[in-house]
Amino acid sequence: MKNKKMLRIRISGIVIAILVLLLVIYGCFVQIRENLENEMQKTLRDVAAQNVIAVEKEVTDKYYLLQGVSREITELPDKPKQVLTNLQAFVDVYGFKRIGIVYPNGVAYTTDGYIQNIAFRDFVKQGLSGKSMITDALEDAIGDTPERINVISVPIYAKDSSGVIGVLFATYRTEQFQTSLNVESFDGLGYSYIIQKDGNIIVASEEAPLHGQTNSFTNIMAYDEGNPQALEKMITDVQTGKSGTVHYQYYGARDAYYTPLTIMDGDVEWYIITAVPSQVLKNRLEPVMKIVIALLIFIVAVAALSIFLYIYSYRKAQKELLRLAYEDPITKGDNFVCFKEKLARKNMVSGYLIAMDLNEFKIINNTCGVSTGDEALRRMWEIFQEGISSEELVSRVNADRFILFLSEDTKENIEKRILQFSVEISALSEELNVPRIHPSFGIYHLTNVETIENAYSHAIQAKHLVKGLRDRILAFYDEVDSEQVIQNRKMEDAFDDAIKEQQFEVWYQPKYSVDGSSVVGAEALVRWRTPEGSYLSPGKFIPLFEKNGMISTLDEYVFTEVCRQQKEWETTGRRMIPVSVNISRASLYYANIVERYQNILKEFELDPTYVQLEITESATIDNSNISRLISDFHDAGFWLLLDDFGNGYSSLATLNVMHFDTLKLDKSLIDYIGDKNGETLLYYVTKLAQNLGFLVTAEGVETEEQVAFLQEVECNDIQGYYFSKPLPLSDYEKLLSASGAS
C-alpha cells in the first residue's frame, strides 16, 4: 500500500515536472519574442544611424565646398559670367541643379543662365547678414519649372574683411536625399523619412507610403483613432530634440524609431524616422512557433513514454536505492544506518556494543596510499564478519571506525573474542605489507534503557582510555572515571577565562652546554595556576586540549608570552639566549600557521633566532605537508627543532628530507646508556645527525653516567633533571644571573 502511494506521488511529480517544463518552454518562447523585438528595435536604430551618417555627409560635403569657393571670391564682378562658368564644373561633379551668386540688391546670377531677384528668400537675408544655412524643402523660384529644392548658402566676404558683399548658394533637388535614405532593411520592408520638426516631410525613401508635400503627423493621426495617443510622445520628443520609438497603425501595425539630424554646425535640425511593418516580427516568429509546437508534441510523447518506463522500472530501482542507502561504499557490508536499524529491531537484546578504531591509521594512508588503506579496512570487516554469529552485527561507521554488537553474557568471553580479533587484525600488517596495525576497543554493556547513540557514545569514551597505548587494547565503560569526565568539562569551560586572565604560566627548563658549564638555551613549558593558587599538571590539560582543538590557542599564547619576555630582556640589556616553544600537531594543520607566528614576532620586533620552534616527530609523520611547512618556517627565519626523536616511527632517511636545525634525542634513547648495543645505536644516530648538519640536544638526562657518555659522543647540549628541572620565571632569571648569562 505504501509503495503504491509512493508510486502515485512520483508519477504526480513527473506530471508536475512536465507542466513546469512546458511553462519553461513557453517562457523561453516569450523570451525569444522579446529578443526578436529588441533586435528589431536595434536594427531600426542602426538603419536610422546609417541614414544620419549618409545625410549629414551629403550636406556637409556641399556646405564645406561652398565655404571654400566663397573664400576665393573676394569681390563681385559687374559681369559674373566668367565666375559662373568656373562654378559650372562643381554643378556637374556634385549633382547640383545650379549654383548662384546673389548681389546685395537681391539679384541672383546662376550657372544655368538665370538672372532673377530673390531678395525675399530667407537664405538670401541670412547670407547677407553673415549666416550660413540650408533651407527646408521649398518651391524653386528661379526658372519656369516648379520643383522641390533645398538650398545651401554661405556669405561672401570682402577681401579686406570689411563685411559681406554677397551670398553664394547651391540648389539641389530635394529628391536627391532619397538616394541617401534608400538603405535596404528588414528584407526590403523598412523605409525612412526626413521631416521637419512640425512633421512636414522633406523627403522619403522609395518604399515609404507617404511622399510629397504632406505632414507625417497629420496623416498618421487621421488614419486610426488610437494613433494620436501613441504619437503624442513622439511629437513631444521631436520638439525637444530626443530620440525614441513608437508603435502605430497605418495600413497595418508599424514600429518606428526617430532621431534628430543635426547639420550645418547645429544650425539646422531635421529628424529621421525609420519604420517597419510589425508583420516583419510575425514573419520571423513563425518558424520559431513551428519549432515550439513540435517540441511540445515531442515532450508530451516523451512524457507518456517516461511514465510507462518509470512504472516498469520502479520496483527494480527501489531495490537498488535500498542497497545504496544501507551499504558501506568500502566494505560493501552494512553501513552505520543499517546497523542501527537492525539493532533497533532486536529490541535491545542482551549483549555488548563495541567501538573500535586504529591507532595512527593515517600512517598507512600517507605511506602506502589510500587504496591500500581501503583494502586494510575491507580485510578488517571480513575478519569481523567471519567471527560473528547470525545474531550479531558489525559495520564501518566512517574512516577507520567500526562498531560491533556481540551477544555474549560475560566480560571474559567478550575479552577473548576481542583479543582474537586483535590478533587477526594485527596480522594484516605482514599480509598487506603496511606499518603495524594496532586497534583500540571500547566496550559498553547494552541495557534496555539506553538509546543506540548513547550506548555508542559510552563505548567511545571507554575506547579513549586505551587509545594510543601499546600495552593495552580494550577497556570497558565501567572503567571510565566519571569524575575525570566532569573535570575535563570544567577545564574546557574555564579555558577562555584562563587565557584572558593569564592563568597559564610559562616555565623554563634550561639547556646546558655538554660540559655543564653554562646555560645555552631553554625550553618553554606551560603550567596552569588556578584562581585558588594551585597548579594543574600539564598531563591533565595538555592531552585534553589536543583532543578538543584548544591546544592551538594555547600554543600561540605560550609563543606570545615567550616573545614578550624575550623582548623585555632585550630591552633591559640582558644577553639573549634562545628559548624554544612547542608547537602541536593540531596547530600545524592551519593553512596560515607560518604567517600567524611570523606576525607575532613582528609585533614584538624580535629576532626569530631567540624564539625557536619544537615540532614532535609524530607530528611530522601525520602531516603530509610537513616538508613545505619546514621550508616556509625557515624562509620566515625560524630555527626548528625535531622533538622526541626516537619515540615512535623514527626514520633516519627522513632526516635528509625534513631539514630541521636541531635534533632532540628522546629520553627513551638516553635511557639506553649503560647498554652496549643501545650506546652503539645512540653513538651512530648522533654522528649521523651531526654529519647531516643537525645540532643534537639530549633531553631527559638524569644521571652522571649519561652526561659522561654524551660528552664522549660530543653531543651539542643537554637538557634534563641532572642539571635543572623546569623553573618558574623568577628562578630562571636567577639561574641566568648566576651562570653569567646576563
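All values derive from a computational prediction rather than experimental measurement. Along each chain, residue indices are assigned from 1 in the same order as the chain's sequence is written. Only residues with pLDDT of at least 70 are given local features in this predicted model, and only at 80 or more are side-chain atom pairs given and counted; all residues enter the totals for whole chains, interfaces and linings. To get the side-chain values, all heavy atoms of the structure are used, and hydrogens and water are removed first.

Participant: Just checking my understanding: could you explain the overall build of the chain for this structure?
Facilitator: A run of H or I in DSSP becomes a helix once it reaches four residues, and a run of E becomes a strand once it reaches two; helices and strands are each numbered from the N terminus. Regarding its fold elements, the chain presents 22 helices and 26 strands. A globule of 742 residues ought to have a C-alpha radius of gyration of about 27 Å, yet the chain, at 49 Å, is considerably larger. To sort residues, take the accessible area from a 1.4 Å probe on protein chains only and compare it with the maximum for the residue type: under 20% means buried, over 50% means exposed, and anything in between is partly exposed. Taking all 742 residues of the chain together, the buried fraction comes to 45%. Pairs of residues are marked as contacts when any of their non-hydrogen atoms sit within 4.5 Å. Within the chain, contacts between residues at least 6 apart in sequence are counted, and of these 62% link residues at least 24 apart. Areas reported as accessible are Shrake-Rupley estimates using a 1.4 Å probe. Residue values count occlusion only from the protein chains shown. If you sum the accessible surface of the chain, you get close to 37500 Å²; carbon and sulfur atoms cover 52% of it. All tallies of charge rest on Lys and Arg as positive and Asp and Glu as negative; His and the ends of each chain are not included. The atom standing in for a charge is NZ when the residue is Lys, CZ when it is Arg, CG when it is Asp and CD when it is Glu. When the 72 positive and 102 negative side-chain charges of the chain are each reduced to one mean point, those points stand 6 Å apart. C-alpha atoms define the radius of gyration in this analysis, and the globule rule sets the expected value at 2.2 Å times the number of residues to the power 0.38.

Participant: What is the right way to look at unusual backbone geometry in this model?
Facilitator: Leave glycine aside and you will find that most residues have negative phi; peptide bonds, for their part, are mostly trans. Although it is not a glycine, lysine 332 sits at a positive phi angle of roughly 65 degrees. Assignment of secondary structure puts lysine 332 in the loop between helix H7 (279-326) and helix H8 (336-345). Backbone geometry places glutamate 714, a non-glycine residue, at a positive phi of 60 degrees. Here glutamate 714 is to be found in the loop between helix H21 (704-712) and strand E26 (717-719). Accessibility expressed as a relative area gives 52% for glutamate 714, which makes it exposed.

Participant: Can you help me understand the packing of aromatic side chains in this one?
Facilitator: Geometry of aromatic contacts follows a simple scheme: Phe, Tyr and Trp rings, the Trp one being its six-membered ring, pair when their centres are within 6.5 Å, and the pair is stacked under 30 degrees between planes, edge-to-face over 60, tilted otherwise. For the structure on display, the rule yields 31 aromatic pairs. Geometrically, the ring pair formed by tyrosine 352 and phenylalanine 476 is edge-to-face, given 6.3 Å between the ring centres and 75 degrees between the ring planes. Of this pair, tyrosine 352 sits in strand E13 (residues 351-358) while phenylalanine 476 sits in strand E17 (residues 474-476), and the two are 124 residues apart along the sequence. Residue classification places tyrosine 352 among the buried positions, given a relative accessible area of 6%. Taken together, a centroid distance of 4.7 Å and an interplanar angle of 55 degrees make the contact between phenylalanine 559 and tyrosine 597 tilted. Placement of the pair is phenylalanine 559 in helix H15 (residues 551-571) and tyrosine 597 in helix H16 (residues 593-604), with a sequence separation of 38 residues.

Participant: Explanation requested: the sheet that holds strand E16 (residues 439-446) in the structure shown.
Facilitator: Strand pairing in a sheet relies on backbone hydrogen bonds. The paired strands run either parallel or antiparallel. Read across the open sheet, the five strands follow the order E14-E15-E13-E16-E17; overall the sheet is mixed. This sheet does not close on itself; its edge strands, each paired only once, are strand E14 (393-398) and E17. With direction set aside, neighbouring strand axes in the sheet form an average angle of 20 degrees. At least two bridges found by DSSP between two strands are what make those strands a pair. Judged from the three bridges that link them, E16 and E17 form a sheet pairing that is parallel. Bridging from a neighbouring strand, phenylalanine 441 pairs with leucine 474 of E17. Together, E13, E14, strand E15 (401-406), E16 and E17 form the strand contacts of helix H12 (residues 452-464), whose direction differs from that of E16 by roughly 135 degrees. Interaxial angles span 0 to 180 degrees and are taken between N-to-C directions of axes, which are lines fitted to C-alpha atoms, for helices over the stretch in contact.

Participant: What's the story with a negative patch on the surface in this structure? I'm lost.
Facilitator: Patches were defined on residues exceeding 30% relative accessible area and lacking a salt bridge, with like-charge contacts within 9 Å and nonpolar side-chain contacts (Val, Leu, Ile, Met, Phe, Trp, Tyr) within 5 Å. Salt bridge, as used here: a side-chain nitrogen of Lys or Arg that lies within 4 Å of a carboxyl oxygen of Asp or Glu. Together, Glu184, Asp187, Glu206 and Glu207 make up a negatively charged patch on the protein surface. Its place among the elements puts glutamate 207 in the loop between strand E9 (201-204) and helix H5 (216-223).

Participant: How should I be thinking about the pairing of E13 in this particular structure?
Facilitator: As a general feature of sheets, a regular strand has side chains that alternate between the two faces. With eight of eight residues buried, E13 is to be regarded as a mostly interior element. The two faces of E13 match: Gly351, Leu353, Ala355 and Asp357 on one face and Tyr352, Ile354, Met356 and Leu358 on the other face are all buried. Where E13 meets E16, eight bridges bridge the pair, whose relative direction is antiparallel. Across the sheet, the residue bridging to tyrosine 352 is histidine 445, located in E16. Looking at chain direction, E13 and E15 are connected through five bridges and run antiparallel. Paired with tyrosine 352 across the bridge in E15 is leucine 406.

Participant: What am I meant to see in the nonpolar core here?
Facilitator: Note on soluble globular proteins: their nonpolar side chains tend to be buried together. Residues Phe504, Leu554 and Phe559 are the most contacted members of the largest nonpolar core, which totals 77 residues. Ranked by residues supplied to this core, first place goes to H15 with eight residues. Residues contacting phenylalanine 559, with those up to four places away along its chain left out, are Val581, Tyr597, Ile600, Leu601, Val611, Leu613 and Phe638. Nonpolar core, defined: a set of buried Ala, Val, Leu, Ile, Met, Phe, Trp, Tyr and Cys residues in which side-chain atoms within 4.5 Å join the residues together.

Participant: Explain the pattern of salt bridges to me, please; I cannot follow it from the model alone.
Facilitator: One pass over the structure, following the stated rule, counts 32 salt bridges. A salt bridge links aspartate 140 to lysine 97, with the shortest nitrogen-to-oxygen separation between them at 2.6 Å. One end of the pair, aspartate 140, is in the loop between strand E5 (138-139) and strand E6 (148-157); the other, lysine 97, is in the loop between helix H2 (81-94) and strand E1 (98-102), and 43 residues separate them in sequence. Judged on exposure class, the residue aspartate 140 and its partner lysine 97 are both buried.

Participant: Quick question: what am I supposed to make of the pairing of E14 here?
Facilitator: Most of E14 is tucked away, with five of its six residues classed as buried. Sheet topology places E14 next to E15; five bridges connect them, and they run antiparallel. Pairing of arginine 396 across the sheet is with phenylalanine 402, part of E15. Between E14 and the antiparallel strand that follows it, E15, lie two residues; alanine 399 among them carries a positive phi value of about 45 degrees.

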